[in-house]
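Results of the structural survey
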Amino acid sequence: MPHRTFTLFILPSMLAMLLFIALPLVSVVLQSFYVEHAQALVQVETCDPFGCKTEIRVDATAMQALNAKEPQGRFNGFDTYLDGAHLAVDELRTIWTRAPDMAAGLSQTLNLPFYRALLFTLVYTVVVSPLSLGLGFLIALSVNILPRVTRGGVIYITLLPMIVPSVIGALTLFWMIDQNGIIGSFLQWMTGDNTLSLKASGALAWATLFAHGVWSNAPFVFIVFFAALQTVPRDTLEAAMVDGASRFERLRLVTLPHLAPIATFLMLILIMDNFRVFESIVGLSATAHASSLSSLIFFALRGDTPLFGSAAATSMLTVICIFVLLLPSLRRAWTGFRSKA
Amino acid sequence: MTGSPRAFRPPVYLVLLAAGFIAVWLLAAALPFVWTAWGSFKLQGDFFSMVSWQDALFGPRTQALTGSAFTGQAYYDVWVGQGFWRQALNTIVITLGVTAVSLTFGTLGGYALARSTARYAFWILIAALVFRAMPGLTLVSGYLLPFFEWNLWGHQWTTIIVLVALNQPFTLWLLHSFFLTIPRDLDESALIDGCTRLQAFRLVVMPVMWPGVITTGIFSFLVGYSDFVICAMLLSEDNQTMVPKIIGFLGTTQQPGQVMYAVAATVSVILPLLILVLFSQRRIVGGLVAGAVKG
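Residues numbered from 1 in each chain as written. Chains lettered and ligands numbered in written order. Predicted model: local features only at pLDDT ≥ 70, side-chain atom pairs only at ≥ 80, totals over all residues.

To continue, consider the overall build of chain A. Counting its regular elements, chain A contains 15 helices and four strands. Taking 20 Å as the expected radius of gyration for a compact globule of 341 residues, we find that chain A reaches 27 Å, considerably beyond that expectation. For the C-alpha atoms alone, the extent of chain A along its principal axes is close to 105 × 70 × 45 Å. The buried share of chain A, reckoned over its 341 residues, is 37%. At a minimum sequence separation of 6, the contacts of chain A that also span at least 24 residues come to 67%. (Helix = DSSP H or I, 4+ residues; strand = E, 2+ residues; numbered from the N terminus. Rg over C-alpha atoms; globule rule 2.2 N^0.38 Å. Buried ≥ 20, exposed ≤ 12 C-beta atoms within 10 Å, placed from the backbone. Contact = placed C-beta atoms within 7 Å.)

A word on the overall build of chain B. Helix and strand counts for chain B come out as 14 helices and zero strands. Listed N to C, the secondary structure of chain B is α-α-α-α-α-α-α-α-α-α-α-α-α-α in terms of helices and strands. Taking 2.2 N^0.38 as the reference for a compact globule, 295 residues should give roughly 19 Å; the C-alpha atoms of chain B span a radius of gyration of 24 Å, well beyond that estimate. The principal-axis extents of the C-alpha atoms in chain B amount to approximately 80 × 70 × 30 Å. With 295 residues in all, chain B has 46% of them scored as buried. For chain B, contacts bridging at least 24 residues in sequence account for 72% of all contacts bridging at least 6.

Bring the parts together and some accessible area is lost; that lost area is often taken as the interface size. At the junction of the two partners, chain B supplies 77 residues and chain A supplies 80 residues. The element contributing the most residues to the side of chain B that touches chain A is helix H1 (residues 12–39) of chain B, with 15 residues. Class assignment for the residues of the side of chain B that touches chain A results in 60 nonpolar, 13 polar and four charged. (Nonpolar A, V, L, I, M, F, W, Y, C, P; charged D, E, K, R; others polar.)

Position of Phe120(A) among the secondary structure elements: in helix H6 (residues 113–145). Sequence-distant contacts of Phe120(A), defined by excluding residues within four places in its chain, comprise Ala290(A), Ser291(A) and Ser292(A).

Moving on to the pairing of strand E3 (residues 51–58) of chain A. All names here are of chain A. Within E3, only zero of the eight residues are buried, leaving the element largely exposed. Summarising the sheet, strand E2 (residues 41–48) and E3 pair through eight bridges and their orientation is antiparallel. Pairing of Glu45 across the sheet is with Thr54, part of E3. Following E2, the chain reverses through two residues before pairing antiparallel with E3. (Pairing = 2+ DSSP bridges.)

Counting 159 residues, the largest nonpolar core has Val224(A), Phe225(A), Val162(B), Val164(B), Ala165(B), Ala264(B) and Ala265(B) as the members making the most contacts within it. The element best represented in this core is helix H14 (residues 258–294) of chain B, accounting for 15 residues. With residues near it in sequence (within four places) discarded, Val162(B) still touches Phe20(A), Tyr143(B), Ile230(B) and Leu234(B). (Core = buried A, V, L, I, M, F, W, Y, C linked by C-beta atoms within 7 Å.)

All names here are of chain A. Positive phi outside glycine occurs at Ala88, with the angle close to 50 degrees. Looking at the secondary structure, you find Ala88 in the loop between helix H3 (79–82) and helix H4 (89–98). At Ser285, a residue that is not glycine, the phi angle is positive and equals roughly 50 degrees. Among the structural elements, Ser285 can be located in the loop between helix H13 (279–283) and helix H14 (293–302).

Let us now look at the domain arrangement of chain A. All names here are of chain A. Domain parsing of chain A yields domain 1 (79–105) and domain 2 (114–340). Computed from C-alpha atoms alone, the centre-to-centre distance between domain 1 and domain 2 is 32 Å. With six residues of domain 1 in contact, the opposing surface of domain 2 contributes six residues. In terms of residue class, the side of domain 1 that touches domain 2 is made up of four nonpolar, two polar and no charged. (Domains from an automatic or database assignment.)

Where H14(A) meets helix H8 (residues 136–149) of chain B, the closest approach of the two axes is 9 Å, and the angle between their N-to-C directions is 25 degrees. In terms of axis orientation, H14(A) runs roughly parallel to H8(B). Handedness of the H14(A)/H8(B) crossing: left-handed. From H14(A), Ser294(A), Ile297(A), Phe298(A) and Leu301(A) reach across to H8(B), where they touch Leu137(B), Thr138(B), Ser141(B) and Leu144(B). Its residues assigned to classes, the contact of H14(A) with H8(B) shows five nonpolar, three polar and no charged. (Axes fitted to C-alpha atoms, helices over the stretch in contact; angles between N-to-C directions. Parallel < 35°, antiparallel > 145°, perpendicular 65-115°, else oblique. Left-handed = near helix turned anticlockwise from the far one by under 90°.)

Turning our attention to the environment of Pro261(A). All names here are of chain A. Within the secondary structure, Pro261 is located in helix H12 (residues 247–275). Among the residues examined, Pro261 registers 11 C-beta atoms within 10 Å and is labelled exposed. C-alpha separation for the pair Pro261 and Val89, spaced 172 residues apart in sequence, amounts to 42 Å.

In structure tokens form, the structure reads like this:
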């Protein structure tokens, strides 16, 4: 295809991606170096029969004029990145010079908002991605040996947790784990602890979020693995059987190697998707116990006055984290392309 | 599996084990929706009973107050009383817009990527994959201030184009892989017969691409229909879509019945999806597989 025709065909799509993905990234970089204007203060002297008082007030008109002239705020350099809501350099220094031991220092570090969110996001990604892969794989293996007539119905129901919007799925779970909800009561009955509440404890709230993550990710994994299972070469399976390989050995030596490249790709997709975890935190009302990088950005923008600078700095740090996560896969794509060319 | 050798057939204990496992999974997958749908026909005092979870099953308060174990009160309250139909209309606009624009951009781009042998085509696909990894919220923090400044905020078409752009990477990958399944000879013979590229695309390739387009269209539909973050951030109160509105119901102060707005609205949002999956299960499965395996 000539370059000119190619350009014309791809133009709308590229333009959309450049304007609304690449350019916003630039805008985020710029925004992260600015911070909201300091409050313009005026001294006002009010006098009444008992004497005069000077008060300090926010000058609303001056603020308005300032915001109209420089909507992006004032230049702040890297200070937003280093402040308490982000990398918290000063706080870290105090914590680690005063901390009696590693454990105390670590726990104080993880109480800082950014590190707390980073920890949750990483743990969520690391826990939920492999578990989803495993659960999806088990479902695929099981459905594969069930009679064919059951497949349509099983696939239909299995698709539901994935098709339903994440935040809506999380809500339906949330209503069930209510203390008097069906799951909440069941857990209380099982543990014999009438005060047990999934919503009250931090660890249980995390566990619930992980469970929701696996629940909503497994269907996608199942569908892809199930399709791949149909393409496992039959000849190799038969040959393995003739050679006396047991069912488990055939799974380990024939089926798994066949699925390995797909599993790698699925893992990449799962990591990308899980790293942006946010909606389930809202749906499960777990903001008190868990915050992710995405939820930091959301709530910075959603406050009474949107903190553009702070949200942008968190966004930049998120993008850097994602890049580090994706680097191995990108390297592999590059070497794969080079070896093909 | 008919016609398979006997020895391939799994032993009975394994089939039973698999059946048991699948039964547990299906319960986990469906119960939240069944439970919510059931509870949406009760009063709040029953579905969120302080006394016992069994109240949600039998509905003693619902029976005492309405004379029947089921009531459509929550649906009436939310659709009529809270004007949820407005959000439903907004969702239709956003969803149709996203699907139409996304497919137009995506088929053109996906076709070019599938037919080009140049090295940059590969790099565009890799760049799309990297773009796909960007969480929507990191980008929203880039849009918000310029959109406020240029008065682009709160318009439906801004939201549509943003949603299209954010999902263009996936759309491109999917359509690109569908176009690859159509033999090159088809459009090349059309070119030899004197068609321009656009004519070959429009008159020869697209007519055999419908399955791929419909599959991709379903995914674009789901993007517009399900989105929470972008719509919550970029749409104003009066053109808000359904999903963010439901979260809005929860955010307001807890008055009696308020939670039931969210419950009834949730069931209302899920129902069209159940119907969609019923009719397009094969296409959804095919699309997921094409996007993951060939991509």
